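One letter stands for each residue in the lines below.
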Amino acid sequence: MFPRAIEMFRELTVGLTVGKASTQPKAKDTKRDNRFRYSLFKKPTLPHNDVLPPEILIEIFNAAILNVGEPAYKTMANLSLVCRSWREAGRGLELYKVPVTSSKQMDALLGRIHTTPLIQERNRAAIQVLSVQTNYRKNFYRLPELLELCRTSLRVLYLGRLSTQGPIAELLQDAKPEARPALYFPNLTFLSLSRFTPRELISFITSVDPLKLEHLELHDTFLWFDYLVPDKLTTLRFPRLKELVVYGYPRPTNPTVGWLCQIAPNLEMLELSIWRERLPVLTEFLASDRIPKTLQRPRISVRIGKYEDLDPESPDLAPLVQLIKERGWKQWICVHMSCGSWVYE
């Protein structure tokens, strides 16, 4: 029916009437007919950039910012060159992801925040991904000031010290488990701490919303070996915390891992690093009732000596492999040595 409608409209366009005997169109009419056929099937001339609403563009920009390893302002500087609509839609996303590695960068960031009229009015900075690193000789320069400005919008937070030698200026050392701390992160879903003290670890754990935290990474950040976790900390529950990563080769008997497994009843992924001689203790720990029954993906990194070898049939690793098979877990064991590493899956 559609071809017939086109034919009828063509006849009307070239001046023919329905019911007349069809005649050969003139050359002039043929050109008009070709122009009409082209205009029926050509694509709309409206640019795609004007078709997409700003909300969709913002989601695209957020995905682009998170998938590249550069600050958000560099990514948005490239995206804003596409067209005017992209530049307008991306306005304000320059602070979506911010890395800070020096005091000069911190001063420049806070200077821009304090001179932006909208941020001054709301007293809030819309930073959602923040990464701050510092040397042991310097404290986290002006970090509490920055966290206070962006604490309600933060989703992902990376904080790390390059070394722990020398005196350390602690963060959030006055936080108390029984009361909500002054610096509280209501929307934080991802937290990574590197080389933090035990008191700082407890302070940060109690400063996030238990119903929001989903991923926790600890790099050389543990409780004291003989630390007795108080009842106010053991009663905490993080039902959405499903991924826990602990780096730094702690002892399996260290209270850090046991405590975190206790407050994460729905844990699905547990990643640990350990020395080879501690494999029997780790196997015993994973077989105990301290591990949540929801665990599916234990990821074990084993450190061995330079001239040693380790495979799933080794006497010290075979019991762990057997336990993984019995529990139905997904096997992932990475063996590290000075000259390389390999994985058994």
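Residues numbered from 1 in each chain as written. Predicted model: local features only at pLDDT ≥ 70, side-chain atom pairs only at ≥ 80, totals over all residues. Heavy atoms only, no water.

Turning our attention to the packing of helix α7 (residues 103–115) against helix α9 (residues 143–150). At a minimum axis distance of 11 Å, the contact between α7 and α9 shows a crossing angle of 35 degrees. For the pair α7 and α9, the sense of crossing is left-handed. In this structure, α7 uses M106, L109, L110, I113 and H114 to contact α9, whose residues at the interface are L143, E145, L146 and L149. When grouped by side-chain class, the residues that make up the contact of α7 with α9 number seven nonpolar, one polar and one charged. (Axes fitted to C-alpha atoms, helices over the stretch in contact; angles between N-to-C directions. Helix = DSSP H or I, 4+ residues; strand = E, 2+ residues; numbered from the N terminus. Left-handed = near helix turned anticlockwise from the far one by under 90°. Contact = heavy atoms within 4.5 Å. Nonpolar A, V, L, I, M, F, W, Y, C, P; charged D, E, K, R; others polar.)

Applying the stated criterion across every chain yields a total of 11 salt bridges. Among the salt bridges present, the one from E243 reaches R297, with a minimum N-O distance of 3.8 Å. Of this pair, E243 sits in strand β6 (residues 243–247) while R297 sits in strand β8 (residues 297–303), placing them 54 residues apart in sequence. Notably, a salt bridge pairs E308 with R276, separated by 3.4 Å at the nearest N-O pair. Here the residue E308 occupies a position in the loop between β8 and α14 (318–327), and R276 occupies one in the loop between β7 (269–275) and α13 (279–287), the gap between them amounting to 32 residues. Assessed through its relative accessible area of 39%, E308 is described here as partly exposed. In the salt-bridge network here, residues are joined through shared partners; they are D107, R142 and E145. (Salt bridge = Lys/Arg side-chain N within 4 Å of Asp/Glu carboxyl O. Buried < 20%, exposed > 50% of the residue type's maximum accessible area, 1.4 Å probe, protein only.)

Attention now moves to helix α10 (residues 198–205). The buried count for α10 comes to seven of eight residues, which makes it a mostly enclosed element. Among all positions in α10, only P198, E200, L201, I202, S203, F204 and I205 are buried. Where the residues of α10 are buried, they touch β3 (156–161), β4 (190–194), β5 (215–219), α11 (231–234) and α12 (255–263).

Glancing now at the sheet that holds β3. Reading across the sheet, the 10 strands line up as β1-β2-β3-β4-β5-β6-β7-β8-β9-β10 and stay open at both edges, with mixed pairing between neighbours. Each edge of the sheet is formed by a strand with only one pairing partner; in this case those strands are β1 (97–100) and β10 (340–344). Strand-to-strand twist in this sheet, taken as the mean axis angle between neighbours without regard to direction, amounts to 10 degrees. The pairing of β7 with β8 spans seven bridges and is classified as parallel. Each bridged residue has a counterpart across the sheet, and for I274 the counterpart in β8 is V302. (Pairing = 2+ DSSP bridges.)

This next bit is on the environment of I324. Relative to the helices and strands, I324 resides in helix α14. On a C-alpha basis, the gap between I324 and T283 in space is 9.5 Å, while along the polypeptide they are 41 residues apart.

Attention now goes to the pairing of β5. The buried fraction of β5 is high, at four of five residues. Inspection of the sheet shows β4 paired to β5 by five bridges, in the parallel sense. If you follow L193 over to β5, its bridge partner there is L218. With α10 bridging β4 and its parallel neighbour β5, the resulting β-α-β unit is right-handed. As paired strands, β5 and β6 are joined by five bridges and run parallel to one another. Along β6, the bridge assignment pairs H215 with E243. (Right-handed = clockwise from strand over helix to strand, strands pointing away.)

A separate point is the packing of aromatic side chains. As enumerated under the stated definition, the model contains three aromatic pairs in all. Residues F185 and F204 carry aromatic rings whose centres are separated by 6.4 Å and whose planes lie at 10 degrees to one another, so their mutual orientation is stacked. In this pair, F185 is assigned in the loop between β3 and β4 and F204 in helix α10, connecting sequence segments 19 residues apart. Residue F185 shares its accessibility class with F204, and that shared class is buried. (Phe/Tyr/Trp six-rings, centres within 6.5 Å; stacked < 30°, edge-to-face > 60°.)

For the protein chain, the average pLDDT comes to 77, and 68% of its residues sit at 70 or higher. Predicted confidence for residues 12–23 stays below pLDDT 50, and this span has seven contacts to residues more than four positions away or in other chains. (pLDDT = per-residue confidence, 0-100.)

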